[in-house]
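# Descriptive structure summary
Chain by chain, the residues run as shown.
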Amino acid sequence: DAGVTQSPTHLIKTRGQQVTLRCSPKSGHDTVSWYQQALGQGPQFIFQYYEEEERQRGNFPDRFSGHQFPNYSSELNVNALLLGDSALYLCASSFLSGETQYFGPGTRLLVL
Amino acid sequence: AQTVTQSQPEMSVQEAETVTLSCTYDTSESDYYLFWYKQPPSRQMILVIRQEAYKQQNATENRFSVNFQKAAKSFSLKISDSQLGDAAMYFCAYRTRDDKIIFGKGTRLHILP
């Protein structure tokens, strides 16, 4: 049973560019959450998707957007990249009614 | 708003000894979940243990146990018989009623051989 997977593992972009990160949830899970983890910090909640809709959103600008597909996989898009967007982006999956989120290995984004 | 505080940025423990990591949180909710996650250098966030607030009994998972003090809003993690593989960042986390997880800043645990 595959756990949560994310791609790519690493990514380098320049300021102003756009990036798309991908996540496949753990088998059977229907809810995907995205987190940003800056170096030396704990993860911060970006948003959560369920039934292809954004269900919850943290304190992130509209440059951060997402999508969930019918197979429950998800994408995180970031437009107009800033240097401060450099971070580890974590995806977590769960059942909507479940109390535990399971995390993927993350995508390390570096913005130059 | 809910907050999670880990006051120990780094800790060290001798292999085979016991170590306790501290965590306090603030919330006005009465029912919630608390977690400890481990993040080794590989970056994968791994669930260590979880506690349901309405359960008074402290959760235990093998060498890992918690001391949950609901009135004091305290949730510490005890690691017994520390092993080299326990070296990692440990994050205390709180699950809000609307399913967001709020993390502390983490405690880096070093295991001394």
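Residues numbered from 1 in each chain as written. Chains lettered and ligands numbered in written order. Predicted model: local features only at pLDDT ≥ 70, side-chain atom pairs only at ≥ 80, totals over all residues. Heavy atoms only, no water.

Now for the overall build of chain A. The secondary structure content of chain A amounts to 0 helices and 11 strands. Considering only C-alpha atoms, chain A reaches an extent of 40 × 25 × 25 Å along its principal axes. In chain A, which comprises 112 residues, the proportion classed as buried is 49%. Considering only residue pairs separated by 6 or more positions, chain A has 53% of its internal contacts joining residues 24 or more positions apart. Accessible area for chain A stands at about 5,200 Å²; split by element, carbon and sulfur atoms hold 50% of it. Across chain A, the centroid of the 8 positively charged side chains sits 12 Å from that of the 10 negatively charged ones. (Helix = DSSP H or I, 4+ residues; strand = E, 2+ residues; numbered from the N terminus. Buried < 20%, exposed > 50% of the residue type's maximum accessible area, 1.4 Å probe, protein only. Contact = heavy atoms within 4.5 Å. Areas by Shrake-Rupley, 256 points an atom, 1.4 Å probe, with all protein chains shown as cover. Lys, Arg positive; Asp, Glu negative; His and termini not counted. Charge placed at Lys NZ, Arg CZ, Asp CG, Glu CD.)

What follows is about a nonpolar patch on the surface. A cluster of nonpolar side chains, A:I12, A:L110 and A:L112, forms an exposed patch at the surface whose accessible area comes to about 300 Å². Positionally, A:L112 belongs in the segment after β11 (107-111). (Patch = residues over 30% accessible without salt bridge, like charges linked within 9 Å, V, L, I, M, F, W, Y side chains within 5 Å. Salt bridge = Lys/Arg side-chain N within 4 Å of Asp/Glu carboxyl O.)

Our next topic: the pattern of salt bridges. Enumeration over the complete set of coordinates arrives at 9 salt bridges over all chains. For A:E54, the salt bridge is made with A:R57, and the minimal N-O distance between the two is 3.0 Å. Under the relative-accessibility criterion, A:E54 is labelled partly exposed at 35%. Residue A:R57 is classed as partly exposed on the basis of its relative accessible area of 23%. The partner of B:K55 in a salt bridge is B:E52, and the shortest N-O contact between them spans 3.1 Å.

Looking now at the nonpolar core. The biggest cluster of nonpolar side chains holds 26 residues, and the ones touching the most others in it are B:L21, B:Y25, B:W36, B:F75, B:L77, B:Y90 and B:L109. If you list the elements that add at least two residues to this core, you get β2 (10-14), β3 (19-21), β5 (33-39), β6 (46-52), β8 (64-69), β9 (74-79), β10 (88-95) and β12 (107-112) of chain B. Considering every element that reaches this core, the biggest residue donor is β10(B), with 4 residues. Non-local contacts of B:L77, meaning those with residues more than four positions away in its chain, are made with B:V19, B:T20, B:L21, B:W36, B:V48, B:I49, B:F64, B:S65, B:V66 and B:Y90. Membership of the second largest hydrophobic core comes to 19 residues, among which are A:F47, A:F64, A:V78 and A:L81. (Core = buried A, V, L, I, M, F, W, Y, C linked by side-chain atoms within 4.5 Å.)

All names here are of chain B. This structure, assessed with the given rule, holds 2 disulfides over all chains. With its sulfur 2.0 Å from that of its partner, C23 forms a disulfide with C92. Negative torsions about the S-S bond denote left-handed disulfides, and the value of about -70 degrees found for C23 with C92 makes this one left-handed. Of the two residues, C23 is situated in the loop between β3 and β4 (24-26) and C92 in strand β10; the sequence distance between them amounts to 69 residues. Each member of the pair, C23 together with C92, is buried. (Disulfide = S-S within 2.5 Å.)

Next up on the list: the pairing of β5(B). Residue and element names in this part refer to chain B. Across the 7 residues of β5, 7 count as buried, placing the element largely inside the fold. Side chains of β5 alternate between two faces, with Y33, F35, Y37 and Q39 and L34, W36 and K38 buried alike. Looking at chain direction, β5 and β6 are connected through 6 bridges and run antiparallel. Note that in β6 the partner of K38 across the bridge is I46. Pairing between β5 and β10: 7 bridges, direction antiparallel. Each bridged residue has a counterpart across the sheet, and for Y33 the counterpart in β10 is R95. (Pairing = 2+ DSSP bridges.)

Glancing now at the sheet that holds strand β3 (residues 19-24) of chain A. Residues and elements named next belong to chain A. Taken in spatial order, the 4 strands make up an open sheet running β1-β3-β8-β7, and their pairing is antiparallel. Since the sheet does not close on itself, it has two edges, and those belong to β1 (5-7) and β7 (64-68), each with one partner. On average, each strand axis in the sheet is inclined to that of its neighbour by 20 degrees, with strand direction left out of account. Where β1 and β3 come together, 3 bridges link them in antiparallel fashion. Note on β3: the bridge partner recorded for T5 is S24. (Axes fitted to C-alpha atoms, helices over the stretch in contact; angles between N-to-C directions.)

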